[in-house]
Structure formats: structure tokens, C-alpha cells
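Residue-level structure breakdown
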Amino acid sequence: MGIDSTKCCNATADEIAGIRKALDLYCEASVKGDSKIAESAFAPTATMSFAENCKLVSVPIKALFDYYDQTSPQPASYEITSCNVATDAAIVSIDSKFGEPRFADMFTLVKDGDDWKIISKIYHVK
């Protein structure tokens, strides 16, 4: 897990560290099978969206937390593929692996005090 700083060329070291902290918590929750870990990475009003049978599905982020709690701990990793930061807002894309499945994940984050919070997650199963 980590961030290649060349993929976040317009971000400061502090911004990269804060974004990495949120994404690391997202992955750690899967590794430990514990949604409480991920909750601190997401805004309470965050959403998750994806296409199912060619139709848009958008759900509260609690659906992801329920998934973490219903599955056994599993290995997880990610690599940043792109990152665009504008002071207190960011859009980050990652390639991730949770167990065997691979995903393309896109996140919108907003700075909340000293922390970056994920406000939306969009994903595609590869």
C-alpha cells in the first residue's frame, strides 16, 4: 500500500500523507474484517456507487461497512493510479485487490480539520 508521489504531482507531502492515511484505513478494515477501522476514513454521509446490470446503484457507505463485518478478514492492497488535489478537496483513483477480486476504485475526499475524509467511493470490478 502506498502512494507514488509522481501520481500526485500537484499535492504536498502533507496532503499525500493525509490521503494515504484514509486509504490505508479503507484497506486495513478489509485485512482485519472490522468496519470500525474504515469508519474513521469516511464522512458519515459518504456514499458508494457502482453499476449493476448496466444500472446505477448508489448506497450509503454503511453498505460497505456491513460487507466488512460480514466477511472474514482478507488480504487487501492498493496502488494509486491518479490523484488530483485542490487544497482541501481531492479526487483519487486506485487499483485495488481485496482477496482475489481486483477493482478500479475512485474516491472523492475533503479535508476535515487535519484529516482527509472520503465522501464518495465509486468502483468497478475488473
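Description of the structure in this document. (Residues numbered from 1 in each chain as written. Predicted model: local features only at pLDDT ≥ 70, side-chain atom pairs only at ≥ 80, totals over all residues. Heavy atoms only, no water.)

1. Points about the overall build of the protein
Within the protein one finds three helices and six strands. Start at the N end of the protein and walk to the C end: the helices and strands fall as α-α-β-β-α-β-β-β-β. What you see for the protein is a C-alpha radius of gyration of 14 Å, in line with the 14 Å of a compact globule of 126 residues. Considered along the principal axes of its C-alpha atoms, the protein spans approximately 35 × 30 × 25 Å. Across the 126 residues in the protein, those meeting the buried criterion constitute 42%. Surface summary for the protein: the accessible area is close to 7,000 Å², and the carbon and sulfur share equals 54%. (Helix = DSSP H or I, 4+ residues; strand = E, 2+ residues; numbered from the N terminus. Rg over C-alpha atoms; globule rule 2.2 N^0.38 Å. Buried < 20%, exposed > 50% of the residue type's maximum accessible area, 1.4 Å probe, protein only. Areas by Shrake-Rupley, 256 points an atom, 1.4 Å probe, with all protein chains shown as cover.)

2. Focus on the packing of aromatic side chains
In the structure shown here, the tally under the stated rule is eight aromatic pairs. Seen in terms of ring centroids, Tyr26 and Phe42 are 6.3 Å apart; in terms of plane orientation they differ by 65 degrees. Their pairing is edge-to-face. With Tyr26 in helix H1 (residues 13-32) and Phe42 in strand S1 (residues 42-52), this pair connects stretches of sequence that are 16 residues apart. Note on Phe42: relative accessible area 3%, which makes it buried. Each ring, one from Phe42 and one from Phe65, has its centre 5.8 Å from the other, and the planes form 80 degrees; the classification is edge-to-face. With a gap of 23 residues between them, Phe42 in strand S1 and Phe65 in helix H3 (residues 62-70) connect regions that are remote in the sequence. Members of the aromatic cluster, each reached through a chain of ring pairs, are Tyr26, Phe42, Phe50, Phe65, Phe98, Phe103, Phe107 and Tyr123. (Phe/Tyr/Trp six-rings, centres within 6.5 Å; stacked < 30°, edge-to-face > 60°.)

3. Some words on the sheet that holds strand S5 (residues 102-112)
Judged by pairing direction, the sheet is mixed, and its six strands sit side by side in the order S2-S1-S6-S5-S4-S3 without closing on themselves. Every other strand in the sheet has two partners, leaving strand S2 (55-60) and strand S3 (76-86) as the edge strands with one partner each. This sheet shows a mean twist of 20 degrees between the axes of neighbouring strands, independent of strand direction. For S1 and strand S6 (residues 115-125), the ladder comprises four bridges, and the chain directions are parallel. When the bridges of S6 are listed, Ser49 appears paired with Ile122. Across the sheet, H1 touches S1, S3, strand S4 (89-98), S5 and S6, and the angle it forms with S3 is around 150 degrees. (Pairing = 2+ DSSP bridges. Axes fitted to C-alpha atoms, helices over the stretch in contact; angles between N-to-C directions. Contact = heavy atoms within 4.5 Å.)

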